[in-house]
Amino acid sequence: MDLSDEQWLASWRSEQKPQPEGWSFSDLETRMTETPVPWDIDLVYRTALADATSVLDMGTGGGEFLLTFANSLPRDTVATEGWAPNVLAARRNLQAVGVDVVEYSAPDEDVDSLPMPFPDDRFDLVLNRHESYSPRELARVIAPGGRFVTQQVGGDEAHEIGQWFGEHAELPHVNLAHCARELEEAGFEVTEAEEHVGKYLFNDVAALVAYLQLVPWDAPSGFTVDAYAEDLLALHRETGGGPVRLTQKRFWLRAVLCA
Ligand SMILES: C[S@@+](CC[C@H](N)C(=O)[O-])C[C@H]1O[C@@H](n2cnc3c(N)ncnc32)[C@H](O)[C@@H]1O
């Protein structure tokens, strides 16, 4: 059946929803795939946790990922979260495993502008998946010899959004070379690191619209189906109603604070 432009727009409008609390893409499971990263971040986390005694998980979301390590967490484990709906969700979810959630997030525009709400030398392991951080503050709250393990989303991924919609907020300095240099300048030694370029594959434009509801910072400002109707219809024609591809970028590193 050949739908009219208005019918396509109506089907995309039905994908518009308020961003849910927590951090999960499971609702898109059958409509979106990502290239798996070539490293095993679960193993990296488990190995790091094996001999850790005081752990911080930064930007825990709703605590979903941290909870998958519940059996490996030391008694002294704390999480931070900065997005108000997720502060509540994380507190609710992590209470059962005795993890306190402290409200904090390093502002993307100036990561050093807000001190981390912890004393000096507080942790021997800081975990961080897809959250901004201040190398200077990490060097303060991690004890000498302590470790920082992070996986990051490359700040220039999904550049196609800029081509399709005329605007895409990028953080081009969020790449492995720059982040490793910053950590080294703050007093860390980077002991292992890897970078990866892959693809997100969405079944169609509707799945892309659904994805942008979950990661609003990847959407152009004021993104709604109606505000970007012409661009969405052009993308739909360009892809023949089929899959839509976006560049995916990831890197991870482990760093040790020099004594
Ligand atoms: C990408 S999430 C990663 C969560 C978790 N570390 C994980 O790996 O599953 C990083 C942070 O973005 C936050 N976040 C989600 N939606 C947000 C929004 N609309 N505005 C600001 N922060 C948001 C999450 O709550 C979380 O702290």
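Here's a quick rundown of the structure. A quick note: this is a predicted structure, and the numbers were derived from the prediction, not measured.

Some thoughts on the overall build of the protein chain
Thinking step 1. If you tally the helices and strands in the protein chain, you get nine helices and eight strands.
Thinking step 2. Against the globule reference of 18 Å for 259 residues, the protein chain gives a C-alpha radius of gyration of 20 Å, in line with a compact fold.
Thinking step 3. Counting only C-alpha atoms and orienting by the principal axes, one finds that the protein chain spans roughly 65 × 40 × 35 Å.
Thinking step 4. Taken across its 259 residues, the protein chain has 47% of its residues classed as buried.
Thinking step 5. Sequence-distant contacts, at least 24 apart, represent 68% of the contacts inside the protein chain between residues at least 6 apart.
Thinking step 6. Seen as two clouds, the 19 positive and the 44 negative side-chain charges of the protein chain have centres 4 Å apart.

Describing the pairing of strand β7 (residues 188-202)
Thinking step 1. Examined bridge by bridge, strand β1 (residues 32-34) and β7 share three bridges and lie antiparallel to one another. Counterpart to M32 in the pairing with β7 is F202.
Thinking step 2. Where β7 and strand β8 (residues 244-257) come together, 14 bridges link them in antiparallel fashion. Of the residues in β8, the one forming a bridge with E194 is W252.

Thresholds, definitions, all that
Residues numbered from 1 in each chain as written. Predicted model: local features only at pLDDT ≥ 70, side-chain atom pairs only at ≥ 80, totals over all residues. Heavy atoms only, no water. Helix = DSSP H or I, 4+ residues; strand = E, 2+ residues; numbered from the N terminus. Rg over C-alpha atoms; globule rule 2.2 N^0.38 Å. Buried < 20%, exposed > 50% of the residue type's maximum accessible area, 1.4 Å probe, protein only. Contact = heavy atoms within 4.5 Å. Lys, Arg positive; Asp, Glu negative; His and termini not counted. Charge placed at Lys NZ, Arg CZ, Asp CG, Glu CD. Pairing = 2+ DSSP bridges.

Scope: geometric values only; no functional claims are made or implied.
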